[in-house]
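This is what each chain is made of:
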Amino acid sequence: MRVILDTNVLLGALISPHGSPDAIYRAWRAARFDLVTSVSQLDALRRVSRYPKLKSILPAHRVGTMVKNMQRAIVLAQLPPLPDGIDTSDPNDACLLAMALGGEADYLVTGDRRAGLLQLTRMGRTRIVTPKAFCAETI
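Residues numbered from 1 in each chain as written. Predicted model: local features only at pLDDT ≥ 70, side-chain atom pairs only at ≥ 80, totals over all residues. Heavy atoms only, no water.

Chemist: Go over the sheet that holds strand 2 (residues 34-38), please, and point to the residues and values.
Modeler: The strand order 3-2-1-4-6-5 describes an open sheet built from 6 strands, whose pairing is mixed. Of all the strands in the sheet, just strand 3 (74-76) and strand 5 (122-123) have a single pairing partner and so form its edges. Sheet analysis places strand 1 (residues 2-5) next to strand 4 (residues 107-109), joined by 3 bridges and oriented parallel. What sits directly across from V3, in strand 4, is Y107. Contacts from helix 6 (residues 91-102) reach strand 1, strand 2, strand 3, strand 4, strand 5 and strand 6 (126-129), with the element oriented near 130° to strand 2. Contacting strand 1, strand 4 and strand 6, helix 8 (residues 131-138) runs over the sheet at an angle of about 135° to strand 4. (Pairing = 2+ DSSP bridges. Helix = DSSP H or I, 4+ residues; strand = E, 2+ residues; numbered from the N terminus. Contact = heavy atoms within 4.5 Å. Axes fitted to C-alpha atoms, helices over the stretch in contact; angles between N-to-C directions.)

Structure (structure tokens):
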């Protein structure tokens, strides 16, 4: 099973060791599924973790360890263009959807209810679900 974790899920795993995001990250580390990421997502994770509101609660070494671990995942260097008719106002969402297509993912797990990804419910073969739903279905 191939899974994409939105950056907000990855950050959630670092912020709280008791939630669904952390359970998902630990399941990947235990080889329960294949993680799909991209060079651009790894760059975004590094960049976002330096935001002042996160920098105070996320030690740089924990983010660095996560990024290093994720380099052992399926890392996509190039992302395909999105099909016509798929319009996202957020470039990060476009990246995640392109990762879903390029990585032939089974799931895209996101906690961002405002961006509209969850309303899509699916991108090709990829189901788009919340961390809680993913845990209930697979872990």
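Chemist: Summarise the environment of R114; cite the residues concerned and give the values.
Modeler: One can find R114 in the loop between strand 4 and helix 7 (117-120). On the accessibility criterion, R114 (80% relative accessible area) is exposed. (Buried < 20%, exposed > 50% of the residue type's maximum accessible area, 1.4 Å probe, protein only.)

Chemist: An account of the packing of helix 1 (residues 7-15) against helix 2 (residues 20-29) is requested, with residue identities and associated values reported.
Modeler: For the pair helix 1 and helix 2, interaxial distance at closest approach is 7 Å and the crossing angle is 95°. Judged by the angle between their axes, helix 1 and helix 2 are roughly perpendicular. Counting all contacts with helix 1, which are made through V9, L10, G12 and A13, the residues of helix 2 involved are P21, D22 and Y25. Residues of the contact of helix 1 with helix 2, tallied by class, amount to 5 nonpolar, 1 polar and 1 charged. (Parallel < 35°, antiparallel > 145°, perpendicular 65-115°, else oblique. Nonpolar A, V, L, I, M, F, W, Y, C, P; charged D, E, K, R; others polar.)

Chemist: Please give an account of the layout of surface pockets that cites residues and values.
Modeler: Quantified by volume, the largest pocket comes out at close to 500 Å³. Mapped by element, the contributors of at least two residues to the lining of the largest pocket are helix 1, helix 3 (39-48), helix 4 (52-55) and helix 6. Classifying every residue of the lining of the largest pocket gives 9 nonpolar, 6 polar and 7 charged. (1 Å grid on protein atoms, 1.4 Å probe; cavity = no way out; pocket = protein on both sides within 12 Å on 5 of 7 lines; lining within 4 Å. Points joined across faces, edges and corners; volume = space filled by probe spheres on them.)

Chemist: So what's going on with the pattern of salt bridges? Which residues, and what values?
Modeler: Working definition: two side chains of opposite charge can pair if their charged atoms are close together. Counted according to the given criterion, the structure contains 4 salt bridges. We note a salt bridge from D22 to R26, for which the minimum N-O separation is 2.7 Å. Of this pair, D22 and R26 both sit in helix 2, 4 residues apart, which is roughly one turn of that helix. You can call D22 buried: its relative accessible area is 10%. When its relative accessible area of 48% is taken as the criterion, R26 is described as partly exposed. Here D43 makes a salt bridge to R46, at a shortest N to O gap of 2.9 Å. Remark: R46 and D43 occur in helix 3; sequence separation between them is 3 residues, near one turn of the helix. Classification of D43 by relative accessible area gives partly exposed; the value is 40%. Classification of R46 as partly exposed rests on a relative accessible area of 28%. (Salt bridge = Lys/Arg side-chain N within 4 Å of Asp/Glu carboxyl O.)

Purely spatial values, then, with no claim about function.
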